[in-house]
Amino acid sequence: MTIGIGSDHNGFALKQRLRLFLAERGEKVRDFGTFSHEPIDYPDIAVAVAEAVQAGLIQRGILVCGTGLGMAIAANKVPGIFAASVADLYTARLARQSNNAQIITLGANVVSTELACAIVEAWLAAEFRGGRSARKVGKIRAVEGRYRREAAPVLVGA
Ligand code: RB5
């Protein structure tokens, strides 16, 4: 299993710590950036990680911004992606067990480094429980199907 990791400038320091933490655990990690404190728009990183999950290039993703919110909102725009913003151990476990989230997002201004590592550990250890949860997740995926259509033409003058 390969875990993709990414952040904006606000999440950069925490992302670096998490990358180290994952490597120490022996996980295979792919770093999608950012690679400095220079300002960068969080959707660019979120979508890159989410598209890699969707394409099967990586199996899990961890995204870090200031709050964890922008990353989740952006990643969830990619069809098939379930990204959960997590700030405690309970929701970390449930994000996987109940929601089958392939991606978690963290707020560098919300959680400590220690808590972030514990959250990642709890989420990685948890397994999707299927059953009734699978039915509910399936209903969310069905919503995507309702809105999927060919790219709409650009209407000149509209
Ligand atoms: C900065 O762009 C800030 O909005 C970002 O780090 C994140 O918190 C967004 O949700």
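What counts and what doesn't
- Residues numbered from 1 in each chain as written.
- Predicted model: local features only at pLDDT ≥ 70, side-chain atom pairs only at ≥ 80, totals over all residues.
- Heavy atoms only, no water.
- Patch = residues over 30% accessible without salt bridge, like charges linked within 9 Å, V, L, I, M, F, W, Y side chains within 5 Å.
- Areas by Shrake-Rupley, 256 points an atom, 1.4 Å probe, with all protein chains shown as cover.
- Salt bridge = Lys/Arg side-chain N within 4 Å of Asp/Glu carboxyl O.
- Lys, Arg positive; Asp, Glu negative; His and termini not counted.
- Charge placed at Lys NZ, Arg CZ, Asp CG, Glu CD.
- Helix = DSSP H or I, 4+ residues; strand = E, 2+ residues; numbered from the N terminus.
- Buried < 20%, exposed > 50% of the residue type's maximum accessible area, 1.4 Å probe, protein only.
- Pairing = 2+ DSSP bridges.
- Axes fitted to C-alpha atoms, helices over the stretch in contact; angles between N-to-C directions.
- Contact = heavy atoms within 4.5 Å.
- 1 Å grid on protein atoms, 1.4 Å probe; cavity = no way out; pocket = protein on both sides within 12 Å on 5 of 7 lines; lining within 4 Å.
- Points joined across faces, edges and corners; volume = space filled by probe spheres on them.
- Nonpolar A, V, L, I, M, F, W, Y, C, P; charged D, E, K, R; others polar.

Right, let's talk about a positive patch on the surface for a bit. A contiguous patch of positive charge on the surface is contributed by Arg129, Arg132, Arg135, Lys136 and Lys139. Considering the arrangement of structural elements, one finds Lys139 in helix α6 (residues 132–147). Classification of Lys139 as exposed rests on a relative accessible area of 56%.

In this section: the sheet that holds strand β5 (residues 103–107). Through backbone hydrogen bonds, the strands of a sheet pair up, either in parallel or in antiparallel fashion. In spatial order, the strands read β2-β1-β3-β5-β4; together these 5 strands make up an open sheet with parallel pairing. The outermost strands of the open sheet, each flanked by one partner alone, are β2 (28–31) and β4 (83–85). Pairs of neighbouring strands in the sheet enclose a mean axial angle of 25°, with direction left out of account. Where β4 meets β5, 3 bridges bridge the pair, whose relative direction is parallel. Its bridge partner being in β5, Ala83 is matched across the sheet by Ile103. Of the strands in this sheet, β1 (2–7), β2, β3 (60–65) and β5 touch helix α1 (residues 12–24), which is tilted by about 165° from β1.

This brings us to the layout of surface pockets. The calculated volume of the largest pocket comes to roughly 220 Å³. In terms of lining residues, the largest pocket is bounded by Asn76, Lys77, Pro79, Ile81, Phe82, Ile140, Val143, Glu144, Tyr147 and Arg148. Considered class by class, the residues forming the lining of the largest pocket number 6 nonpolar, 1 polar and 3 charged.

Interpretation in functional terms is not warranted from these geometric data alone.
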